[in-house]
Amino acid sequence: HALRVQADHGQVLPGNAPGHRDSWGIGWFDDARQVSLVRQTGSAIDSAYYVFGAESAARARPAVLIGHLRKAVSGAVTTDNAHPIRVDTEHAGPFLLAHNGHVREPLLASLRADLDDAGDRSGARADCDTVVLAHWLAARIDPG
């Protein structure tokens with residue numbers, strides 16, 4: 001449960017309290033390319049649901065596993081903004097993204113405009129930069 005330790009003591013930018021306590025998520029792909037995703041607001045250190053998610057992922061013996069702790073920079077602290085972010089693509093199936101950092105303007109405005117032009121209103125209007133980025137990247141996955 002190394003993520004639980006980081007939730008409490010993880011490094012942050014100077015001037016901020018340590019830890020990544022806003023939300024957490026665990027996503028995984030099994031051998032059949034099925035996706036499971038467990039996310040919650042609050043700290044992984046305080047969450048029995050985190051233990052359930054971590055144990056479920058371990059039992060699944062995933063081909064790919066992504067664990068993430070969020071210290072919110074952009075967007076509300078909600079389950080929808082907890083990483084990893086899942087976007088279901090038309091041709092390639094589900095896409096998961098976890099991201100540390102911040103997508104700044106004017107790049108964020110450009111990604112939103114691309115999504116809006118493509119008709120992805122939910123991606124374009126998302127308040128979390130990582131949700132916008134996930135939708136933009138998922139739209140560019142080559143089905144081949």
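All of the points below concern the structure found in this document. (Residues numbered from 1 in each chain as written. Predicted model: local features only at pLDDT ≥ 70, side-chain atom pairs only at ≥ 80, totals over all residues. Heavy atoms only, no water.)

### Examining the pattern of salt bridges
Let me state the cut-off plainly: A pair is scored as a salt bridge if a Lys or Arg side-chain nitrogen falls within 4 Å of a carboxyl oxygen belonging to Asp or Glu. Under the scheme used here, helices are H or I runs from DSSP no shorter than 4 residues and strands are E runs no shorter than 2 residues, and both carry numbers assigned from the N terminus. Burial status follows relative accessibility: with a 1.4 Å probe on protein chains alone, a residue under 20% of its type maximum counts as buried, one over 50% as exposed, and anything between as partly exposed.
According to the stated counting rule, one finds five salt bridges in the structure shown. Among the salt bridges present, the one from D8 reaches R21, with a minimum N-O distance of 2.8 Å. Within this pair, whereas D8 is found in helix α1 (residues 2–9), its partner R21 is found in the loop between α1 and β1 (23–29), the two being separated by 13 residues in sequence. Using a relative accessible area of 23% as the deciding quantity, one classes D8 as partly exposed. In this structure, R125 engages D116 in a salt bridge whose closest nitrogen and oxygen atoms are separated by 3.4 Å. The exposure class of R125 is exposed, given its relative accessible area of 55%.

### Overview of the packing of aromatic side chains
This is how it is decided: The criterion for an aromatic pair is that two Phe, Tyr or Trp rings (for Trp, the six-membered ring) have centres within 6.5 Å, with stacked assigned to planes under 30 degrees apart, edge-to-face to planes over 60 apart and tilted to the rest.
Tallied over the full model, the rule gives three aromatic pairs. Judged by centre distance (5.3 Å) and plane angle (85°), the ring pair of W24 and Y50 falls under edge-to-face. With a gap of 26 residues between them, W24 in strand β1 and Y50 in helix α2 (residues 48–60) connect regions that are remote in the sequence. You can call Y50 buried: its relative accessible area is 4%. Put simply, the rings of W24, Y49, Y50 and F52 pair up and form one aromatic cluster.

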